[in-house]
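Listed here are the chains, written in short residue letters.
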Amino acid sequence: LLLSGCDLPSRLNFGKTSGSGESISKSGFYFNTVITVTLYGTKDETLLDDCFSLADTYENYFSNTIADSDVSKINAAGGAPVTVHEETAELIKKGLYYGDLSNGKFDITIGKLSDLWDISTKALLDQTDVSMIPSDDEIKKALTTVDYQNVVVDGNTVTLKDPSAKIDLGGIAKGYIADRMKDYLNQKGAACGYIHLGNVLCLGAKPDGSSYNIGIQRPFDDEGAAMLAVSVTDQTVVSSGVYERYFEVDGKRYHHILDTATGYPYDNGLLGVSIITDESVDGDGLSTTCFALGLADGMALVESLDNTEAVFITEDYELHFSSGMGTKIPYQVME
């Protein structure tokens, strides 16, 4: 069982699969996540090396913490136009698409607000005092910079009309990287395996022709156990939730999915959303968007999209399935 969770490190290694030879596998650390690529039916480890060369290249394009990345150059340009690599422009346009689709609930200019909260760092600390929570004034100031409509893409030139804004592509970059890895592997004839970035992207079917079983994590389970398993072939399972990156103060949880209207983490009755679709970048964008929209509106969005299914987990640990779950996408609820 492969596990899909919100920014989970890879914990799995298939080893041998029935009817196949040995797998080959490689892991690396990019975008604050362990990435693992596992392939079947080949012993050519240069395929793995090339995948991680792609990951390294794209991290150096998309990261907002690497000083000379495309994104950092845009953020430091003071509103001046910046010429970027074609892939950077493509990913930014995808981010703007999800800004439109979500009416701004998914917003790639959330960088200043994300930096202010710094959930990933605080989640690793032992302290739980009120000083970890930004002040209302700090949040309001950061919110003034959040507006994806201030990003203009013209060919390979990107302009931030608000010079104090900061682009953060962390919400979709890992999915994009996984898709490009899969494209490369398919071009090289490697059509069996998986790419694990916390979320899972499958290449074709398993060596015996069966589907991959992808576990969706039970929120806050100490062992990272799966709540259900979905069966997919040549698709991706992407999850967003409140249970991986968060800290608590006075019994209240502060997680990393921030409301672009209030500046605070969402408190909408959801613990997690998992998207099953064809491309991982869309799974990334949709899992965050649907979480932000909430159960009713998020499910309505999923139902309006082709080749897209979803599982929502509410605070009472109830599972809510889109209409194609169980028919188009088989699943099994775990005991």
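Reading the values: rules and limits
- Residues numbered from 1 in each chain as written.
- Predicted model: local features only at pLDDT ≥ 70, side-chain atom pairs only at ≥ 80, totals over all residues.
- Heavy atoms only, no water.
- Buried < 20%, exposed > 50% of the residue type's maximum accessible area, 1.4 Å probe, protein only.
- Helix = DSSP H or I, 4+ residues; strand = E, 2+ residues; numbered from the N terminus.
- Pairing = 2+ DSSP bridges.
- Axes fitted to C-alpha atoms, helices over the stretch in contact; angles between N-to-C directions.
- Contact = heavy atoms within 4.5 Å.
- pLDDT = per-residue confidence, 0-100.
- Polar contact = N/O pair within 3.5 Å; in protein donor to acceptor, adjacent residues only side chain to side chain.

S.K.: Please provide a residue-by-residue account of the pairing of strand β3 (residues 33-39), values included.
M.R.: A regular strand places its side chains on the two faces of the sheet in alternate fashion. With 6 of 7 residues buried, β3 lies mostly within the body of the structure. Count of turn residues in the strand β2 (residues 24-30)/β3 antiparallel hairpin: 2 residues, of which F31 carries a positive phi of about 50°. Sheet topology places β3 next to strand β7 (residues 193-197); 4 bridges connect them, and they run antiparallel. What sits directly across from T38, in β7, is Y194.

S.K.: Tell me about the sheet that holds strand β1 (residues 2-4), and please be specific about residues and values.
M.R.: Spatial ordering of the open sheet is given by β1-β9-β10-β17, a layout of 4 strands whose pairing is mixed. Bordering the open sheet on either side are β1 and β17 (331-333), each of which pairs with just one other strand. In this sheet, neighbouring strand axes are inclined to one another by 30° on average, regardless of whether the strands run parallel or antiparallel. Here strand β10 (residues 226-232) pairs with β17 via 3 bridges, running antiparallel. If you follow L228 over to β17, its bridge partner there is V333.

S.K.: Tell me about the pairing of β10, residues and numbers included.
M.R.: Burial within β10 is extensive, with 6 of its 7 residues counted as buried. Of the strand pairs in this sheet, strand β9 (residues 212-217) and β10 are connected by 6 bridges, and their pairing is antiparallel. The partner of Y212 across the bridge, within β10, is V232.

S.K.: A description of the sheet that holds strand β5 (residues 151-154) should follow, citing residues and the corresponding values.
M.R.: An order of β4-β6-β5 is seen for the 3 strands of this open sheet, with the pairing classed as antiparallel. Both outer strands of the open sheet, β4 (82-83) and β5, are each paired with one neighbouring strand and no more. Together, β5 and β6 (157-160) form the strand contacts of helix α3 (residues 86-101), whose direction differs from that of β5 by roughly 135°.

S.K.: For the confidence of the model for the chain, give the residues involved together with the corresponding values.
M.R.: When pLDDT is averaged along the chain, the result is 92, and 95% of the positions lie at 70 or above. Low confidence marks residues 7-20, where pLDDT is under 50. Its contacts with residues over four positions away, or in another chain, come to 38 contacts.

S.K.: Help me get a handle on the environment of S240, residues and values and all.
M.R.: Here S240 is to be found in strand β11 (residues 236-241). Spatially, the C-alpha atom of S240 lies 17 Å from that of I35, the residues being 205 residues apart in sequence. A polar contact of 2.8 Å, which involves the side chain of S240, links it to the side chain of S287.

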